[in-house]
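This is what each chain is made of:
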Amino acid sequence: MTRPGGTWQNWGRTAAVRPMRVERPRSPEGVQRSVVAAASQGLTVKAVGAGHSFTGIAAAPGVLLEFDDLQGLVSADPQTGRVTLLAGTCLHRIPALLKPYGLAMQNLGDIDRQSISGAISTGTHGTGARFGGIATQVRGLTLVTAAGEFMRIDQDHNSELLAGAVVGLGALGIVVEVTLQCVPAFVMHALDAPVPLDETLGSLRERVADADHFEFYWHPHTDVALTKTQTRLPESAPRRPIPALRRWLDESVLENGVFGAFCAVSRLVPAAIPPFNRLAVTLTGDVECSDRSHRVLIHHRNVRFREMEYALPAENVVAAFGELRQLIADRGWRIEFPVEVRFAAADDLWLSTASGRDTAYIAVHRYWRVDPREYFDAVEQIMLAHGGRPHWGKLHSLNAEQLRERYPRFDDFIALRDRLDPDRLFGNRHLERILGA
């Protein structure tokens, strides 16, 4: 389907573009036709999923491909755990697609609105020191190249390109299919508990090492860490889910309704932020449950925000967090959104934020109607001083030369891009900044 371009905006309202044309292909062959047509007309072409990147990485001034109709399961092998999905398949749809085969994704982030191709292309991750980001679960993908051809990349085809192509930033071609290595479905036990912040930081190494999945949130202006510790159990383990009423109160009423109203009010009355944050910590309390993995890992967040996240060598996280905490105190800022700290295992993907090192992530947020630049800029300097790499789908100020210093395989990726898209059919202004023209 083709229609004239209106204005496209991402979820965070940090990027907008008015494409010349919008198309909604329903098959990989439809994507191929769109790419060939765009190239023949001298137009750039980009695919967008759910628009959950906070940068302009998916902005398409030429032809914008919406993947809403390119969703679903292509194939599944319960014996090997390999499944192939159409690239536009949203993460929140995948558990139901895998359930008949007794499979689950090995790990997920805490939001599931993204498409699978968007999630892997920007390095989306969850938490767990023994687990990589979603891209590490990829065992193959199919691209439509600038030449208008299908390119399969997996262990049997162009295998030397897989580590470079998975976190591809949308710069190498249009991903139309993704093959994942899944695992047998499992239950997750979760324990959420408020713990004094200094105690959490002092025992952080042990907490991370002892848990399958560990993370914590810190509401500025408080001295408490809201810790989340999760343990993987067999599918046969008893499930004790959060009661439906309690889940509704926590997610719909408190985390979205009340918090959204607070964020709106706090713009006018910043002095209300510290006491509200202290109240939020009190209301959160202890939660313990066991449920299917995706129901524990995923949270539903409707309050619109803007985010910057940096990946640090894991050993640097406590020092960097301490400087962030002191920064907020020294500047006298009133910060309404919590800071999030997560972890991931090292991997060998060229542009993964965890490439070559065990990694900790520090994410900062602001309500979408608040200008985040002063806060984000100052935090970014702390993260860079501690060896940080910015999340590809979240706000940052770095350019190609600065990023080259932080990724040993950066020039290999540029060479791959030059090979697959020499004329920058899949380029845009954001990619020019982070990868060079």
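Note that the structure is predicted; figures quoted are calculated from it, not measured.

Quick look at the overall build of the protein now. When helices and strands are tallied, the protein shows 14 helices and 21 strands. Its C-alpha atoms give the protein a radius of gyration of 21 Å, near enough to 22 Å, the size a compact globule of 437 residues would have. Overall size of the protein, expressed as C-alpha extent along the three principal axes, is 60 × 50 × 40 Å. Per-residue burial over the protein gives 59% buried out of 437 residues. Considering only intrachain contacts with a sequence separation of at least 6, the fraction spanning at least 24 residues in the protein is 72%. Carbon together with sulfur atoms contributes 51% to the accessible area of the protein, which is approximately 17,800 Å² in total. Here the protein contributes 48 positively and 50 negatively charged side chains, and the mean placements of these two sets differ by 5 Å.

With antiparallel pairing, the eight strands of this open sheet are ordered in space as β17-β14-β16-β15-β19-β20-β18-β21. The sheet is open, and its two borders are formed by β17 (287-292) and β21 (389-390), each paired with just one other strand. Here strand β18 (residues 305-313) pairs with β21 via two bridges, running antiparallel. Within β21, the position partnered with Y310 by the bridge is P390. Of the strands in this sheet, β18, β19 (339-344) and β20 (359-367) are in contact with helix α11 (residues 373-385), which crosses β18 at around 10 degrees.

Quick look at the sheet that holds strand β7 (residues 73-77) now. Ordered in space as β7-β8-β12-β10-β11, the five strands form an open sheet in which the pairing is antiparallel. Two strands lie at the open edges of the sheet, namely β7 and β11 (150-154), each paired on one side alone. On average, each strand axis in the sheet is tilted by 15 degrees relative to the strand beside it, whichever way the strands run. Sheet topology note: the strand β10 (residues 138-144)/strand β12 (residues 174-181) ladder contains six bridges and is antiparallel. Among the inter-strand pairings, L143 is bridged to a residue of β12, identified as V175. Of the strands in this sheet, β8 (82-86), β10, β11 and β12 touch helix α1 (residues 28-40), which is tilted by about 145 degrees from β12.

Turning next to the nonpolar core. Ranked by internal contacts, the top residues of the largest apolar core, which has 117 residues, are F216, I362 and Y375. Counting residues per element, this core draws most heavily on α11, which supplies seven residues. Among all residues touching Y375, those that are not within four sequence positions of it are L324, I328, W333, I335, V339, V364, H365 and R366. F54, F259, C263 and V370 belong to the second-largest nonpolar core, a separate cluster that totals 14 residues.

Counting across every chain of the model gives 12 aromatic pairs. Each ring, one from F262 and one from F276, has its centre 3.7 Å from the other, and the planes form 10 degrees; the classification is stacked. Taken as a pair, F262 in helix α7 (residues 244-266) and F276 in helix α8 (residues 273-284) lie far apart in primary sequence, 14 residues in all. Considered together, F262 and F276 belong to a single accessibility category, that of buried residues. Ring centres of F305 and F337 lie 5.6 Å apart, and the angle between their planes is 50 degrees; this geometry places the pair in the tilted category. Placement of the pair is F305 in strand β18 and F337 in the loop between α10 (317-331) and β19, with a sequence separation of 32 residues.

Next up on the list: the packing of α7 against α8. The interhelical angle for the contact between α7 and α8, taken along N-to-C directions, is 175 degrees, at an axis separation of 12 Å. By the angle between their axes, α7 is roughly antiparallel relative to α8. Residues R246, V258, F259, F262 and S266 of α7 touch α8, and the partners they reach there are I273, F276, N277 and T284.

Turning our eyes to something else, we now look at the pairing of strand β6 (residues 63-66). Burial along β6 is two-sided: V63 and L65 and L64 and E66, pointing in opposite directions, are all buried. By the bridge criterion, three bridges tie strand β4 (residues 21-23) to β6 in an arrangement that is parallel. Within the sheet, the bridge partner assigned to V22 lies in β6 and is L64. Two strands pair when backbone bridges link them, and strand β5 (residues 45-48) and β6 are joined in this way by four bridges, in the parallel orientation. Within β6, the position partnered with K46 by the bridge is L64.

Here the focus is the packing of α10 against α11. Following both chains from N to C, one finds α10 and α11 inclined at 145 degrees, their axes separated by 10 Å at the closest point. Where α10 crosses over α11, the two elements pack in a sense that is right-handed. Together, A320, E323, L324, L327, I328 and R331 of α10 and E374, Y375, A378, V379, I382 and M383 of α11 make up the contact between the two elements. Of the residues that constitute the contact of α10 with α11, the class distribution is nine nonpolar, no polar and three charged.

The subject of this paragraph is α11. Turn by turn, an α-helix covers 3.6 residues, leaving residues three or four places apart pointing in a common direction. In a regular helix each residue adds 1.5 Å, so 13 residues correspond to 18 Å; α11 covers 18 Å between its end C-alpha atoms and thus fits that length. Where α11 is buried, its residues meet β18, α10, β19 and β20.

Rules behind the numbers
- Note on numbering: residues in each chain are counted from 1, in written sequence order.
- Local features are withheld for residues below a pLDDT of 70 in this predicted model, meaning they are given only at 70 or higher, and side-chain atom pairs are given and counted only at 80 or more; totals for whole chains, interfaces and linings count all residues.
- Only hydrogens and water are set aside when side-chain values are computed; all heavy atoms of the structure are taken into account.
- Here a strand is any run of E in DSSP of at least two residues, a helix any run of H or I of at least four, and the numbering for each starts at the N terminus.
- Each radius of gyration reported is based on C-alpha atoms, and the globular scaling rule is 2.2 Å times the count of residues to the power 0.38.
- For the exposure calls, accessible area comes from a 1.4 Å probe over protein chains only, and a residue counts as buried if that area is under 20% of its type's maximum, exposed if over 50%, partly exposed in between.
- Pairs of residues are marked as contacts when any of their non-hydrogen atoms sit within 4.5 Å.
- Throughout, the Shrake-Rupley method with a 1.4 Å probe supplies accessible areas, and for residues the shown protein chains are the sole cover considered.
- By the counting scheme adopted, Arg and Lys are positive, Glu and Asp are negative, and His together with the chain ends is not counted.
- The location of each charge is read from NZ of Lys, CZ of Arg, CG of Asp or CD of Glu.
- Note on pairing: two strands pair once DSSP finds at least 2 bridges between them.
- Interaxial angles span 0 to 180 degrees and are taken between N-to-C directions of axes, which are lines fitted to C-alpha atoms, for helices over the stretch in contact.
- Here, nonpolar core means buried Ala, Val, Leu, Ile, Met, Phe, Trp, Tyr and Cys residues that are tied together by side-chain atoms lying within 4.5 Å of each other.
- Two aromatic rings from Phe, Tyr or Trp, using only the six-membered ring of Trp, form a pair when their centres are within 6.5 Å; if the ring planes differ by under 30 degrees the pair is stacked, by over 60 it is edge-to-face, and anything between is tilted.
- For classification purposes, an angle smaller than 35 degrees is called roughly parallel, one larger than 145 roughly antiparallel, one from 65 to 115 roughly perpendicular, and anything else oblique.
- The handedness criterion is simple: a crossing whose near helix is rotated anticlockwise from the far helix by less than a right angle is left-handed, and one whose near helix is rotated clockwise is right-handed.
- Three categories are distinguished: nonpolar for Ala, Val, Leu, Ile, Met, Phe, Trp, Tyr, Cys and Pro, charged for Asp, Glu, Lys and Arg, and polar for the others, with Gly belonging to the last.
- What a helix is expected to span follows from its residue count: subtract one and scale by 1.5 Å.

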